[in-house]
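If you want the building blocks of each chain, they are given just below.
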Amino acid sequence: MHEFITEAELGPIVRRSRITLRKWRARGCGPRWIKIEGRILYPSREVAAWLKAQPAGGGGASEPK
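Numbering of residues starts from 1 in every chain and runs along the sequence as written. Given that the model is predicted, a residue must reach a pLDDT of at least 70 before its local features are reported, and side-chain atom pairs must reach 80 or more before they are shown or counted; all residues, however, enter totals for whole chains, interfaces and linings. As a rule here, side-chain values come from all non-hydrogen atoms in the structure, and water together with hydrogens is ignored.

**Q** Help me understand helix H1 (residues 7-14) in this model?
**A** Two residues of an α-helix separated by three or four positions point the same way, owing to the 3.6 residues in each turn. Any residue under 20% of the maximum accessible area for its type is buried, any over 50% is exposed, and the rest in between are partly exposed; the area is computed with a 1.4 Å probe on protein chains only. A helix here means a DSSP run of H or I that spans at least four residues, while a strand means a run of E at least two residues long, and both kinds are numbered starting from the N terminus. Taken as a whole, H1 has its buried residues at Glu7, Leu10, Gly11 and Val14. All buried residues of H1 project into a common sector of 110° when viewed along the axis, lining one side. Immediately downstream of H1, the backbone of Arg15 shows phi near 55°, a positive value. Arc definition: directions from the helix axis to the C-beta atoms.

Written as structure tokens, this is what we have:
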């Protein structure tokens, strides 16, 4: 079984507002997510993989494009 992170929990992890997370979903970027009974949930494995794939070390990229 998967463990999930809510939108409210993900925001502080990536230091982004819930509004930004919603915009990312609308644009098809950010971590993969699913909707269950009207709730947006992020599988914790997907969040970890997405974070690992992000540029690191002063590259100036703060938001996925």
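**Q** Mind showing me how you'd approach helix H2 (residues 18-27) here?
**A** Among all positions in H2, only Thr20, Leu21, Trp24 and Arg25 are buried. For H2, the angular spread of buried residues about the axis comes to 140°, placing them on one side. What points out from H2, more than 90 degrees from its buried face, is the exposed set Ile19, Lys23 and Ala26. With its phi angle positive at about 80°, Gly28 sits one or two positions after the end of H2.

**Q** Got a minute to help me understand the sheet that holds strand E1 (residues 4-6) in this structure?
**A** What holds strands together in a sheet is hydrogen bonding between their backbones, with the strands either parallel or antiparallel. Strand pairing requires that DSSP identify at least two bridges connecting the strands. The strand order across the open sheet formed by three strands is E1-E3-E2, and the pairing between neighbours is antiparallel. Sheet topology places E1 and strand E2 (34-36) at the edges, where each strand pairs with a single neighbour. Ignoring which end each strand starts from, the neighbouring axes of this sheet average 45° apart. As judged from the three bridges shared by E2 and strand E3 (residues 39-43), these two strands associate in the antiparallel manner. Geometry is summarised by axes, namely lines fitted to C-alpha atoms with helices restricted to the contacting stretch, and by angles between N-to-C directions that run from 0 to 180 degrees.

**Q** I would appreciate a short explanation of unusual backbone geometry in the present structure.
**A** Most peptide bonds take the trans configuration, and most residues that are not glycine carry a negative phi. Although it is not a glycine, Arg15 sits at a positive phi angle of roughly 55°. Positionally, Arg15 belongs in the loop between H1 and H2.

**Q** Before we go on, may I ask you to explain the packing of aromatic side chains in this structure?
**A** We describe a pair of aromatic rings using the distance from one ring centre to the other and the angle between the two ring planes. Working definition: rings of Phe, Tyr and Trp (its six-membered ring) pair if their centres are within 6.5 Å, and the pair is stacked with planes under 30 degrees apart, edge-to-face with planes over 60 apart, and tilted otherwise. Counted under the stated rule, the structure contains one aromatic pair. Ring plane angle 50° and centroid distance 5.5 Å describe the contact between Trp24 and Trp50, whose orientation is recorded as tilted. Here Trp24, found in helix H2, pairs with Trp50, found in helix H3 (residues 44-53); they are 26 residues apart in sequence, far enough to count as distant. The buried category is assigned to Trp50, whose relative accessible area is 14%. Two conditions define a charge located above a ring, namely a distance within 6 Å from the ring centre to NZ of Lys or CZ of Arg, and an angle within 35 degrees of the ring normal. Across from the ring centre of Trp33, 5.6 Å away, lies the NZ or CZ of Arg25, which sits over that ring.

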